[in-house]
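Each chain, written out:
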Amino acid sequence: MVDRHERSDARRNREALLKAAAEVLAADPSASMDDIAARAGLGRATMYRHVSGRADLLAELSEWALDSARRAVADTDAPGAPDSSDRSAEAGLRHLLERLVIEGAGFRVLLRLDIGSDPRFTTARQQVLQPIADLVRRGKAAGEFRSDLDPIWAVAALIALLQAAVADEREDPARLVWETVVEGWRPAS
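If you're wondering where the values come from, they're calculated on a predicted model, not measured in any experiment.

Chemist: Which residues make up the overall build of the chain, and what are the values?
Modeler: On a plain count of helices and strands, the chain comes out with nine helices and zero strands. The N-to-C order of helical and strand elements in the chain reads α-α-α-α-α-α-α-α-α. The buried share of the chain, reckoned over its 189 residues, is 44%. Across the chain, contacts joining residues at least 24 apart in sequence account for 62% of those joining residues at least 6 apart.

What follows is the structure in structure tokens.
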């Protein structure tokens, strides 16, 4: 987890390390720590001041991904955001999908390395994504989504498909997921 009291150069180095790790490991999941340090423009000693090894680096990447998802959800809940309470749940959900893609595009490596199977990560991710279930509930109550739609299952399906689209590097994953899943959530006319 990022120390908010870190020196600015240390914070920049940590960000460079995490960004480089996401890029390098997405291209080659077996890449070495030296490859990651080189991409980040850091020496080994500097890299190892931030992480103790590969497992620690992957844990940091996981936390970075969760922080990105938190930002996407927070942006969606912000006053004036397309899904604020004065807007439709459907508009909010579409905005949230787009924000998740923007924030999470660099984390394909976590999908490829199956970090999502770690129970601690799964629990934290469920907490971060809880507001999406609330958004689905709001859409059901407003008649925007089918009344028999299970919000928890809807979120699981939505996130699984979004992860698949991002991992496969599909063009416009938010639109693809929207058309594949959410269009089917609407009540029959």
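Now, onward.
Chemist: Can you explain the nonpolar core? Please cite residues and give values.
Modeler: Counting residues in hydrophobic clusters, the biggest one holds 32 residues, and the most contacted among them are Leu-93, Leu-100, Ile-132, Phe-145, Leu-158 and Trp-185. Mapped by element, the contributors of at least two residues to this core are helix H4 (54-77), helix H5 (89-104), helix H7 (119-141), helix H8 (151-167) and helix H9 (173-180). Among the elements that take part in this core, H7 stands out by supplying eight residues, more than any other. Apart from the residues lying within four places of it in its own chain, the contact partners of Trp-185 are Leu-93, Val-136, Glu-144, Phe-145, Arg-146, Leu-149, Ala-154 and Leu-158. Ala-20, Ala-31, Ile-36 and Ala-40 belong to the second-largest nonpolar core, a separate cluster that totals 24 residues.

Chemist: Residue-level account of the packing of H7 against H8, with values.
Modeler: Direction vectors running N to C along H7 and H8 enclose 120°, while the axes themselves pass 8 Å from each other. Relative to H8, the element H7 is oriented oblique. Considering how the two elements wind past one another, H7 and H8 form a crossing that is right-handed. Facing H7, whose interface residues are Arg-125, Leu-129, Ile-132, Ala-133, Val-136, Arg-137 and Lys-140, H8 presents Pro-151, Ile-152, Ala-154, Val-155, Leu-158, Ile-159 and Gln-163. Tallied by class, the residues present in the contact of H7 with H8 amount to 10 nonpolar, one polar and three charged.

Chemist: Can you tell me about the pattern of salt bridges, naming the residues and giving the values?
Modeler: Applying the stated criterion across every chain yields a total of 11 salt bridges. Among the ionic pairs, Arg-137 bridges to Asp-134, the shortest N-O distance being 2.9 Å. Residue Arg-137 and its partner Asp-134 are located together in helix H7, separated by three residues, close to a single helical turn. According to the relative accessible area criterion, Asp-134 is partly exposed, its value standing at 40%. Salt bridges here are not isolated pairs; linked through shared partners, they connect Lys-19, Glu-23 and Arg-39.

Chemist: Provide a residue-level description of the packing of H8 against H9, including the pertinent values.
Modeler: Two quantities define a packed helix pair, namely the angle between the helix axes and the distance between the axes. Where H8 meets H9, the axes come as close as 9 Å, and the angle between the chain directions of the two elements is 140°. If you check the angle between H8 and H9, you find them oblique. Our pair here, H8 against H9, has a crossing hand that is right-handed. Along the contact surface, H8 presents Leu-158, Leu-161, Leu-162, Ala-165 and Val-166, while H9 presents Pro-173, Ala-174, Leu-176, Val-177 and Thr-180.

What counts as what
- Residues numbered from 1 in each chain as written.
- Predicted model: local features only at pLDDT ≥ 70, side-chain atom pairs only at ≥ 80, totals over all residues.
- Heavy atoms only, no water.
- Helix = DSSP H or I, 4+ residues; strand = E, 2+ residues; numbered from the N terminus.
- Buried < 20%, exposed > 50% of the residue type's maximum accessible area, 1.4 Å probe, protein only.
- Contact = heavy atoms within 4.5 Å.
- Core = buried A, V, L, I, M, F, W, Y, C linked by side-chain atoms within 4.5 Å.
- Axes fitted to C-alpha atoms, helices over the stretch in contact; angles between N-to-C directions.
- Parallel < 35°, antiparallel > 145°, perpendicular 65-115°, else oblique.
- Left-handed = near helix turned anticlockwise from the far one by under 90°.
- Nonpolar A, V, L, I, M, F, W, Y, C, P; charged D, E, K, R; others polar.
- Salt bridge = Lys/Arg side-chain N within 4 Å of Asp/Glu carboxyl O.

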